[in-house]
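So the chains spell out like this:
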Amino acid sequence: MKNAIELKHLRKEYPTFVLDDLTFSLPSGCILGFIGENGAGKTTTIKAMLGLIEKTSGEVLLLGKPPHEEKSVMEEVGLVLDTGFFPQEMNALSLGKALSYVYRNWDKEAYSSYLLRFQIEPKKKIKNFSRGMTMKLSLAVALSHKAKLLILDEATSGLDPVARDDLLDILFEFIQEEEHSVFLSSHITGDLEKIADYVAFLHQGKLVFFGEKDVLLDTCGILKCTAQELEAVDPQYILGLLRHKFGVTALVKKYYLPKEFTVEQATLEDIMLYSIKGDKSGKVAL
Amino acid sequence: MYGLLYKDLHNTRKELFIGILMCLIFLVFGASVGSELSPSNLGPAYGVIVSIGAISATYSLHYDKACGWNKFICASPISRFKVIASKYLLGVASALFFTLLSVGVNLFSGGMLPVWAHLVFLGIILLLQSVMIPVTLKLGQNFMVVLFLLLIFIPIVLLFLLYRWNLLTDALIHGFFQWIKSQPVLFGITAGTVVLALYGASFFLSCRFYEKMEF
């Protein structure tokens, strides 16, 4: 299986922050959820991937090519960033005309049909768009130049549940084509739980976990018990721990626990929360 | 490249319209002052034409930064070199447009200015752009506005002081213009070469700045 994205030992140093040795890959035809708290380095990773910032070291391949050296690969990469990036005085029609000269594979008819489908008024100025509309316009653009890889940075945050659901439906539809892939960065883990095949979890610039989402969710569980009861659990299977006055709740590797324990299903949010805020004692790498 | 120019023209057309309107206001004002039209009456109108011709190319740089377009275009198949090339093409187009506007003003006022005066306007617009485009790119539109005012203010103060200290006399100024008139080809070629060289150097400097910029 070809990889849509390959990061090898990617590193970016700032005076106060380091994105450290990121290595993972996204197989073609899959959706990768890129999670982490605000400031974890998600946007920095995306910028380094797209060549918007100079990486300190490491290698980035998008659809098998280094985008820094082979700009042509960006013909097949669609972007939806956290903030809109289109000229505010333009409307969707004039934007489409300008972009038809930027992308060789621009499909005017597809663009018109996406505008219609997303209920974007073609002659309304972009500065008057809501955030949801701006996101849909970005998506319409990304889908109209026959992108094989979509990169979305916090595209769902700030959207109402209906708009978010619409967006996820569109991504799900996009991924039906075998060679299409999606890299979706978000701190709204519920969205990723719905559609992601793989999850990469970033914390303070370091990759905490990368792997299949179902495996991760299947492996982890939430154990609620007293501090005394927890002593019966081998510390290496406790991934994170929160203490409160009624006892403890712990993120655990559920298949390694004694049978008498009842474990609840963990969500991506739990995994993120316990990994970031949880007691590190006895914590092993995910 | 065409797409970038189309976007810039579309995006800055309001400023272009305001610029033309300002030129017209100054033209009407110049025409209504005094009993007859003269180049000195129309001086402010020509000043506005040159100023707006020089500044208008920098608007698009400002808008690109403000709306996040730089992020998008630098992650597109278009190279950064082409992005900057489109800005300089826009600058040249703007310089030509406003020079033609000065020709229009001159014709309207009875053709008092010689043809070479319009070439001087073109040269000044390009010279100003060659400073302002890289400055806007590197330091932003606000700094550029301050610089632009200094570019106008400092020479005026300098000329005023030289004149006051009798280092610059009417005879000297007259002599300088006579020399230019007597050597039109030499002056034209020298000035043209200097402007083109500076414009070219400015382009490569801007490319270098833009290549290293992080978004």
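In this text the structure is predicted, and so the values were computed from the model without any measurement.

Side note on the overall build of chain B
Helix and strand content of chain B: nine helices and zero strands. Counting helices and strands in the order they occur from the N terminus, chain B gives α-α-α-α-α-α-α-α-α. For a compact globule of 215 residues, the expected C-alpha radius of gyration is about 17 Å, and chain B comes in at 19 Å, within 12% of that figure. Long-range contacts, defined here as pairs at least 24 residues apart, represent 78% of the contacts in chain B between residues at least 6 apart. Carbon together with sulfur atoms contributes 76% to the accessible area of chain B, which is approximately 11,600 Å² in total. A gap of 8 Å separates the mean positions of the 13 positive and 7 negative side-chain charges of chain B.

Here's the deal with helix α7 (residues 141–164) of chain B
Residue and element names in this part refer to chain B. Taking 1.5 Å of rise per residue, the 24 residues of α7 would be expected to cover 34 Å, and the 34 Å separating its terminal C-alpha atoms lies within 8% of that figure. Burial in α7 covers these residues: Q141, M144, L147 and F148. Check the buried side of α7 and you find it contacts α3 (43–67) and α6 (115–139).

Let's talk about the interface of chain A and chain B
Chain A puts 32 residues into the contact, and the matching count from chain B is 23 residues. Summed over both partners, the interface of chain A with chain B buries about 2,500 Å², with 63% contributed by carbon and sulfur atoms. In this assembly, chain A and chain B are joined by two salt bridges. Measuring nitrogen to oxygen at the nearest pair gives 3.1 Å for the salt bridge that ties B:E214 to A:K12. Our count for the chain A to chain B interface comes out at eight residue pairs in polar contact (both at pLDDT 80 or more). Of all the secondary-structure elements, those providing two or more residues to the side of chain A that touches chain B are α1 (42–50) and α2 (92–99) of chain A. If one sorts the elements of the side of chain A that touches chain B by residue count, α2(A) sits on top with five residues.

Some details on the sheet that holds strand β13 (residues 263–265) of chain A
Residues and elements named next belong to chain A. Strand order in the open sheet formed by four strands is β11-β12-β10-β13, with antiparallel pairing between adjacent strands. Among the strands making up the open sheet, the edge pair consists of β11 (238–244) and β13. Shown here is a sheet whose adjacent strand axes are inclined to one another by a mean of 25°, direction ignored. Pairing geometry for β11 and strand β12 (residues 247–253), over six bridges, is antiparallel. Looking across to β12, one finds that R243 is bridged to V248.

Focus on a nonpolar patch on the surface
Residue and element names in this part refer to chain B. Residues W116, V120, I124, F176, F177, W179 and L186 make up a contiguous nonpolar surface patch of roughly 640 Å² in combined accessible area. Within the residue set of the nonpolar patch, elements represented by two or more residues are α6 and α8 (170–182). With respect to the secondary-structure elements, F176 resides in helix α8.

Comments concerning the packing of α6(B) against helix α9 (residues 184–212) of chain B
Two quantities define a packed helix pair, namely the angle between the helix axes and the distance between the axes. Residues and elements named next belong to chain B. Look at α6 against α9: their axes get within 9 Å of each other, and the N-to-C directions meet at 15°. One finds that α6 runs roughly parallel with respect to α9. Of the two possible hands of crossing, α6 and α9 adopt the one that is left-handed. For the pair formed by α6 and α9, the contact residues are G123, L126, L127, Q129, S130, I133, P134, L137 and K138 on the first element and V195, L198, Y199, S202, L205, S206, F209 and Y210 on the second. Broken down by class, the residue content of the contact of α6 with α9 amounts to eleven nonpolar, five polar and one charged.

Thoughts on helix α5 (residues 161–174) of chain A
Helical geometry: 3.6 residues make up each α-helical turn, so side chains three or four residues apart lie on a common side. Residues and elements named next belong to chain A. Given a rise of 1.5 Å per residue, 14 residues ought to cover 20 Å, and the 20 Å separating the end C-alpha atoms of α5 matches this to within 8%. Within α5, the full set of buried residues consists of A163, L167, L168, I170, L171 and F174. Summarising the axial view, the buried residues of α5 lie within an arc of 155°, below the 170-degree limit, and thus occupy one face. Residues of α5 that are exposed and point over 90 degrees away from its buried face: P161 and V162. Residues of α5 that are buried make contact with α3 (108–117), α4 (131–144), β6 (149–153), β7 (181–185) and α6 (189–195).

What counts and how
Residues numbered from 1 in each chain as written. Chains lettered and ligands numbered in written order. Predicted model: local features only at pLDDT ≥ 70, side-chain atom pairs only at ≥ 80, totals over all residues. Heavy atoms only, no water. Helix = DSSP H or I, 4+ residues; strand = E, 2+ residues; numbered from the N terminus. Rg over C-alpha atoms; globule rule 2.2 N^0.38 Å. Contact = heavy atoms within 4.5 Å. Areas by Shrake-Rupley, 256 points an atom, 1.4 Å probe, with all protein chains shown as cover. Lys, Arg positive; Asp, Glu negative; His and termini not counted. Charge placed at Lys NZ, Arg CZ, Asp CG, Glu CD. Expected span 1.5 Å × (residues − 1). Buried < 20%, exposed > 50% of the residue type's maximum accessible area, 1.4 Å probe, protein only. Buried area = accessible area lost by both parts, 1.4 Å probe. Salt bridge = Lys/Arg side-chain N within 4 Å of Asp/Glu carboxyl O. Polar contact = N/O pair within 3.5 Å; in protein donor to acceptor, adjacent residues only side chain to side chain. Pairing = 2+ DSSP bridges. Axes fitted to C-alpha atoms, helices over the stretch in contact; angles between N-to-C directions. Patch = residues over 30% accessible without salt bridge, like charges linked within 9 Å, V, L, I, M, F, W, Y side chains within 5 Å. Parallel < 35°, antiparallel > 145°, perpendicular 65-115°, else oblique. Left-handed = near helix turned anticlockwise from the far one by under 90°. Nonpolar A, V, L, I, M, F, W, Y, C, P; charged D, E, K, R; others polar. Arc of directions from axis to C-beta.

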